[in-house]
Structure formats: structure tokens, C-alpha cells
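Descriptive structure summary
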Amino acid sequence: MKKQDVIRNYNFSDGTLVTKGLEKVAFMQRDQTQFEEYGITTTFVNDLKTLIGAFSGRLTDEEALGDQMNSTALKNDKAEELREAIRVVMARVVLTYNLNSGTYHKFGTNTLSRQTDGDLGQTAKRVVRVGTDLMASLAFNGLTSGELDTITTLDTEFSRLITEQQLEIADRDIEQEDRVEAGNAIYTTLVKYTNTGQSIWESSDVAKFNDYVLYNTHSGEPEEETPAPSAA
């Protein structure tokens, strides 16, 4: 059964969660005596601060995306090297066999520039296999075993880079999910504690009550009110 996507519970950025969280923690530390009366001890507040600090130090999605992009670029560059090595061999083949012949068709390179990564890997192996079988006739036009070995080497490197790219994609997905879950846990605790803070000061201190207001908006600040249109 497929796991459900993890949804972020807060509308502002992770950076705002960190700054707002530390701000509220400072207010809680200021009012620690009052919070103790509700069972929210210094340890609980410090634990929240520790969680926020650890969250702030996590790998960001921008970093993970950058790693993914770099791995994709390396893989694509290697794919082009592999295609070029195959073209070198096919330049020998076309001098020996007619383009419409069954022998030429065995190499399967007609769609080389449009092949997927998986198809390109299979084509590379096929070109080496068929080229090796036909080496006796292709050698007349300059094909060497070294050129086929180059394809094999590039194909091995290409396969490794495909795997690395897939791992980077998977790692990014895992990190994104873990980050959302960690952020949600902080936000849930923060809401609970700030609600307590509002309860403490609701009837006695407006300024301190406002210290614990947590706006779940894009900016983390109160939404601006749209002025009513003036009468014509």
C-alpha cells in the first residue's frame, strides 16, 4: 500500500518557523514561572528549542535539489560521450554495410539521439556485441577492439551515474518528507504552547497575550486587511 504524502501543516516558510519558534521560546523562558503552573517545565521548553535548532541545521531542499541537478548533469554528459563513441563505431559500420541491410540494422542505432537512458545502455552493449562478432569485416575500415572497449567503459560509467542520480532523487524525496514531519512536530508543539501563553495572559496583560499570537499565514504575520472600496 502506497504511503500517503506528508502535508505541511503551516503556511509559512521553514525559515519563518525557526525564527517564530525561537521568538516564542524566548517569551516562554521569560514567563517560565507561569508556564510551570500548566506543567510546561523548563525541560519541555528547552526540548522545543533543541528541536528548532536541529531543524534549522537540516539539509534544505535547495541543497538537495542542487545535488540532484549535479548528478543529472554528470549522467547526461556521460550519455553524450557514450553516444559519440557509438557514432565512431557506426561510422566504420556504414562504410562496410548498406544502411538498409539487415546487418546494419542489427546495431539498432537509428534512434540513438532520442533513446532513453535504459535504451542507450542496451544499445551500447548491442553495438559492442555485434561489432565484436563482425570485427573481421569491420577492421578493414578501421574498427579496433579498443573502440569497442571504450564503449564498454563508458557504458559502465554511465550505468553507475544513472544509479547515483536515482539515489539523489530518492534521498531528496526522503529528506523532504522527513523535514515536513519534523516541521509539523515543532509547529504542533508551538501551537499548543502559544495557546497556553495566550490563556495565561488573556485577562491580565494584552501585550504579553499578543506575544503568543502565532499567525499561520505565508509571512507568519497578520494578514493585511483589504480596504473597503469607497462609494462612488
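Structure shown above.
Given the structure is predicted, the values throughout are model-derived calculations rather than measurements.

Our focus in this paragraph is the overall build of the protein chain. Helix and strand counts for the protein chain stand at nine helices and zero strands. For 232 residues, the compact-globule estimate of 2.2 N^0.38 gives 17 Å, and the C-alpha radius of gyration of the protein chain, at 31 Å, exceeds that figure by more than 25%. The buried share among the 232 residues of the protein chain stands at 35%. Long-range contacts, defined as pairs at least 24 residues apart, comprise 73% of the intrachain contacts of the protein chain with a sequence gap of at least 6. Split by element, the accessible area of the protein chain, about 13,900 Å² in all, is 53% carbon and sulfur. If the 23 positive side-chain charges of the protein chain are averaged to one point and the 37 negative ones to another, these points end up 7 Å apart.

So, about a nonpolar patch on the surface. On the surface, Val94, Leu95 and Leu99 cluster together to form a nonpolar patch covering roughly 290 Å² of accessible area. With respect to the helices, strands and loops of the structure, Leu95 is situated in helix 4 (residues 61-96).

Proteins that are soluble and globular tend to have nonpolar side chains buried together. One finds Leu82, Ile86, Val93, Phe107 and Ile151 to be the most contacted residues of the largest nonpolar core, which totals 24 residues. Tallying contributions element by element places helix 4 first for this core, with seven residues. Not counting the four nearest positions on each side in its chain, Ile151 is found in contact with Leu82, Ala85, Ile86, Val89, Ala124, Val127 and Val128. Ranked by size, the runner-up nonpolar core spans 21 residues in total, among them Phe12, Met28, Tyr193 and Tyr212.

The next thing to look at is the packing of aromatic side chains. The way to describe two aromatic rings as a pair is by their centre distance and the angle between their planes. Tallying each qualifying case throughout the model produces five aromatic pairs. Between Tyr10 and Phe12, the aromatic rings sit 5.3 Å apart at their centres with planes inclined by 35°, giving tilted as the arrangement. Relative accessible area serves as the criterion here: at 2%, Tyr10 is assigned to the buried category. A ring pair is formed by Tyr10 and Tyr187, whose centres lie 5.7 Å apart and whose planes are at 40°; its orientation type is tilted. Separated by 177 residues along the polypeptide, Tyr10 in the segment before helix 1 (14-30) and Tyr187 in helix 8 (residues 145-201) bring together distant segments of the chain. Judged by relative accessible area, Tyr187 falls into the buried class, the value being 12%. Over the ring of Trp201 we find Lys208; its NZ or CZ atom is 4.4 Å from the centre of that ring.

For helix 1, which comprises 17 residues, the first-to-last C-alpha distance of 24 Å matches the rise-based estimate of 24 Å (1.5 Å per residue) to within 8%. Asp14, Thr16, Leu17, Val18, Lys20, Gly21, Lys24, Val25, Phe27 and Met28 are the residues of helix 1 that are buried. Among the structural elements, helix 2 (32-36), helix 3 (42-56), helix 8 and helix 9 (206-211) are those in contact with the buried residues of helix 1.

About the thresholds
- Residues numbered from 1 in each chain as written.
- Predicted model: local features only at pLDDT ≥ 70, side-chain atom pairs only at ≥ 80, totals over all residues.
- Heavy atoms only, no water.
- Helix = DSSP H or I, 4+ residues; strand = E, 2+ residues; numbered from the N terminus.
- Rg over C-alpha atoms; globule rule 2.2 N^0.38 Å.
- Buried < 20%, exposed > 50% of the residue type's maximum accessible area, 1.4 Å probe, protein only.
- Contact = heavy atoms within 4.5 Å.
- Areas by Shrake-Rupley, 256 points an atom, 1.4 Å probe, with all protein chains shown as cover.
- Lys, Arg positive; Asp, Glu negative; His and termini not counted.
- Charge placed at Lys NZ, Arg CZ, Asp CG, Glu CD.
- Patch = residues over 30% accessible without salt bridge, like charges linked within 9 Å, V, L, I, M, F, W, Y side chains within 5 Å.
- Salt bridge = Lys/Arg side-chain N within 4 Å of Asp/Glu carboxyl O.
- Core = buried A, V, L, I, M, F, W, Y, C linked by side-chain atoms within 4.5 Å.
- Phe/Tyr/Trp six-rings, centres within 6.5 Å; stacked < 30°, edge-to-face > 60°.
- Lys NZ or Arg CZ within 6 Å of the ring centre and 35° of its normal.
- Expected span 1.5 Å × (residues − 1).

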